[in-house]
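# Coordinates in review
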Amino acid sequence: VSSGGGLLLLDNLRGGRLAEKPAGLPRAGSFLSVTAGDLNADGRPDLVWTTESRAYVALNRGDGTFLPAIELAAGGAPLLFDFDNDGHLDLFLAGSGGSALFRNDGAGSLRRVEGTFPPALDAEAVDFDGDGDLDLVIVTAGGTGVLLENQGGNANGWLDVALEGLPTGSAKVNRLGYGSEVEIKSGHLYALRTVSRPVTHLGLGSNRKAEVLRVVWTNGIPQNMLSPPVRTLVKEVQQLKGSCPFVYAYDGEAWSFVTDALGRSPAGLLYDGVHQAPADTREWLIVPGRMLRPSGGRLRLDFTEELWETAYLDLAELYAVDHAAGVELVANEKMVPPPFPQKALFTVSRPFTPTATDEQGRDLTEEIARADGVYLAGFAPTRYQGIVASHDLVLDLPLARRGKKVVLFLTGWIFYADTSINVSLSQGKTLTPLPPVLEVPDASGRWTVAIPALGYPAGKTKTMPVDLSAVLNRGDPRVRIRTNLEISWDRIFYTVDEEPAPLRSTPAPLVSADLLFRGFSRMTRETPGGPQVFVHDEIETAPRWADMAGLYTRFGSVRDLLQAADDRYVVMKGGDAVRMEFDAAALPPLAPGWVRDYVLVLDGWDKDADKNTVAGQTVEPLPFHGMDDARYGEPQRLPDDEAHLRFRAETLTRRGGPQEFIDALKPGNEKRETGNGGGTPRLPR
């Protein structure tokens, strides 16, 4: 309600900024109050505003504007609640000259209920007697409270929902979930409520139970519950919403999860709550030969987008790297600020295990001695996901005393925070993220910083190299790694004066690449401290995320878009996958005693749909090589030559957005697996 008269709709641009948005609301007039709720079960908030003698009801068009308001012949302070448990929000008007109750027919049409209600200044609806219907407490002109008991509203079914946010390891939602959305589907009934009280009451009409309850927390994460009990407490579950796209490999018999990709090239990520992260778009991923074997003369990989993100995949190349048995390959990849590491392969033939202790002197050598899924984990959580209590790891490398070239290798994974958490941390004063710092003892034994930005694995379990040759104190060859990020190490080893092993690298030509709808793999954890991994062949196809609005790549062949990193790329949303087949027949036979691994070279970006990611709700702006990453979201000139204009006109033709997810629970959508139509191409399993 504007102090100058009329109503204003202010769009939250985040970062403490609000902007007026034209919505078809009255620009003049003196109004008492405004309230919002879904009056016609379309999943969108409608508006009720009042004067002392009149109320006005405006339904949401769905395009950010409202239909012309319908006038009701009563006024006062408005309260939307479901007094008869039919699943529809009714309207109570607490008026100083007399109050009124209007019943909603479910389509947003309100009719006055016969009866006399006392004058009131305000009202609240609570089930005081616990009988399953909402009673009314009104505040009289004298300031006293009067209870109006609901008699008969519980003839219909009902559901009470209480939300509970995680106290630690999250900080994504408030403790009681205020501002979250609760949706239910019960037969042909759909209802949506925005949480504003400790208990949210939903009527079920003639039904006695709900089939599905969906909570969309304030950070946009959905959480489903089937056949919820009448009184339901929904506790926030630590759920992965954004990380990176996934890579799966086929070994001739079965598919397996390899790792995630493009973690070092985020678009719009505020790494400190204020500044955007730079993107290193090129990535080398090691694919072990045991996971990728020819089948019918082809090497098959799936690149999938399964989280609440948009991926922009610009290049896919596969190289067979042959080497002697017993040699391990490690790509020079890690998450560090610029300058980014030069692309290279390390070879390891004679690894040594350091002695490992933590800040309390506990021996952790056994935990880091081998890649066995036993991780250094279990750090004390803080309120925030991805941030734990500060901890140290001291590594003693005794065989490095006489070595000239010493390289440390760390295998592990990181549980990322996200932009919203980074924003929250930037606004507080009690906790500051500390990315890994590597220290060495000086001549007097005091720890001094040797590598201020050590880096960490970009996502799920990967191995990163660290060259210690120039910083290690040979008289006291220890290093200390300090951080409060949730990084879990599985294996740590080092090499001393090891010469690079002979390698033979051969490109495997990309024969075909097809973009299709695939769905969402079942998530699991193989070990308690390990990362979430995904089971390729166990998939669900129902909408899972409120996709970013915009144009995605049309289904079909995308091979031409993956031949070069030229800003003509594949734009993917949750559930999409690119099935890539490379020509195994083009590879030479193995030499005696040698084995074959692979390096998958990818280039592109990934954008998280976090509420505080810059432009995180839309596919555009399209990223491009050479853009100023720090200004993503601001006007920058995209490539506009004929080839790029044709690319956008001919391939970015599949419109997507959040509506499919929003509509998923509504009656009539029960059999819809995707929003792409019955003819949507699907990946064979």
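Residues numbered from 1 in each chain as written. Predicted model: local features only at pLDDT ≥ 70, side-chain atom pairs only at ≥ 80, totals over all residues. Heavy atoms only, no water.

The antiparallel open sheet is built from four strands, whose spatial order is β16-β15-β18-β19. The sheet is open, and its two borders are formed by β16 (189-194) and β19 (222-226), each paired with just one other strand. Across the sheet, the axes of successive neighbouring strands diverge by a mean angle of 15 degrees, strand direction being ignored. Bridge count between strand β15 (residues 181-186) and strand β18 (residues 212-216): five bridges; the pairing is antiparallel. Across the sheet, residue K185 finds its bridge partner in β18, namely V212. (Pairing = 2+ DSSP bridges. Helix = DSSP H or I, 4+ residues; strand = E, 2+ residues; numbered from the N terminus. Axes fitted to C-alpha atoms, helices over the stretch in contact; angles between N-to-C directions.)

In this section: the pattern of salt bridges. This model, assessed by the stated rule, comprises 39 salt bridges. Between E20 and R27 there is a salt bridge, with its nearest N and O atoms 2.5 Å apart. A residue is classified by how much of its surface remains accessible, and E20, at 43% relative accessible area, is partly exposed. In this structure, the salt-bridge partner of D322 is R596, at a minimum N-O distance of 2.6 Å. In this pair, D322 sits in strand β25 (residues 309-324) while R596 sits in strand β44 (residues 594-608), placing the two residues 274 residues apart along the sequence. (Salt bridge = Lys/Arg side-chain N within 4 Å of Asp/Glu carboxyl O. Buried < 20%, exposed > 50% of the residue type's maximum accessible area, 1.4 Å probe, protein only.)

Counting residues in each nonpolar core, the largest one holds 64 residues, and the members touching the most others are F303, L562, V578, M580 and L602. The leading source of residues in this core is β25, at six residues. Excluding anything up to four places from it in sequence, L562 contacts L313, D314, L315, A316, L510, A513, V570, V578 and M580. Listed in part, the 38 residues of the second largest apolar core include L364, L397, V466 and I487. (Core = buried A, V, L, I, M, F, W, Y, C linked by side-chain atoms within 4.5 Å. Contact = heavy atoms within 4.5 Å.)

As a further point, take the sheet that holds strand β7 (residues 77-81). Strand pairing in a sheet relies on backbone hydrogen bonds. The paired strands run either parallel or antiparallel. Reading across the sheet, the four strands line up as β7-β8-β9-β10 and stay open at both edges, with antiparallel pairing between neighbours. Every other strand in the sheet has two partners, leaving β7 and β10 (110-112) as the edge strands with one partner each. When strand polarity is set aside, the average angle formed by the axes of neighbouring strands in this sheet is 25 degrees. Sheet topology places strand β9 (residues 100-104) next to β10; three bridges connect them, and they run antiparallel. In the strand pairing of β10, R103 is matched with R111.

Attention now goes to the confidence of the model for the chain. Averaged over the chain, the pLDDT score is 93; the fraction of residues at 70 or greater is 96%. Note that pLDDT drops below 50 for residues 671-679; the model gives that stretch 17 contacts with residues more than four away or on any other chain. (pLDDT = per-residue confidence, 0-100.)

Burial of strand β22 (residues 255-260) is extensive: five of the six residues sit out of reach of the surface. Two elements, strand β21 (residues 246-250) and β22, share five bridges in a ladder whose sense is antiparallel. Of the residues in β22, the one forming a bridge with Y248 is F257. Between β21 and β22, which pair antiparallel one after the other, the connecting turn spans four residues, and G252 there sits at a positive phi close to 95 degrees.

This next bit is on a nonpolar patch on the surface. A cluster of nonpolar side chains, L8, L10 and L18, forms an exposed patch at the surface whose accessible area comes to about 280 Å². Its place among the elements puts L10 in strand β1 (residues 10-14). (Patch = residues over 30% accessible without salt bridge, like charges linked within 9 Å, V, L, I, M, F, W, Y side chains within 5 Å. Areas by Shrake-Rupley, 256 points an atom, 1.4 Å probe, with all protein chains shown as cover.)

Taken together, the buried positions of helix α2 (residues 419-427) are occupied by T419, I421, N422, V423 and L425. Tucked into the core, α2 has its buried residues touching β29 (387-396). Looking at where α2 begins, the residue whose side-chain oxygen comes 3.2 Å from the main-chain nitrogen of S420 is D418. (Polar contact = N/O pair within 3.5 Å; in protein donor to acceptor, adjacent residues only side chain to side chain.)

On to unusual backbone geometry. Omega for the bond connecting P338 with P339 falls within 30 degrees of zero, at 0 degrees, which places this linkage in the cis form. In this structure, P339 sits in the loop between β26 (328-331) and β27 (345-348). Put simply, E620 and P621 share a cis peptide bond, and its omega is 0 degrees. In this structure, N85 takes a positive phi of about 55 degrees despite not being glycine. The topology assignment puts N85 in the loop between β7 and β8 (90-94). For N85, a relative accessible area of 0% puts it in the buried group. Not every positive phi belongs to a glycine, and A615 is a case in point at roughly 55 degrees. The exposure class assigned to A615 is partly exposed, which follows from its relative accessible area of 26%.

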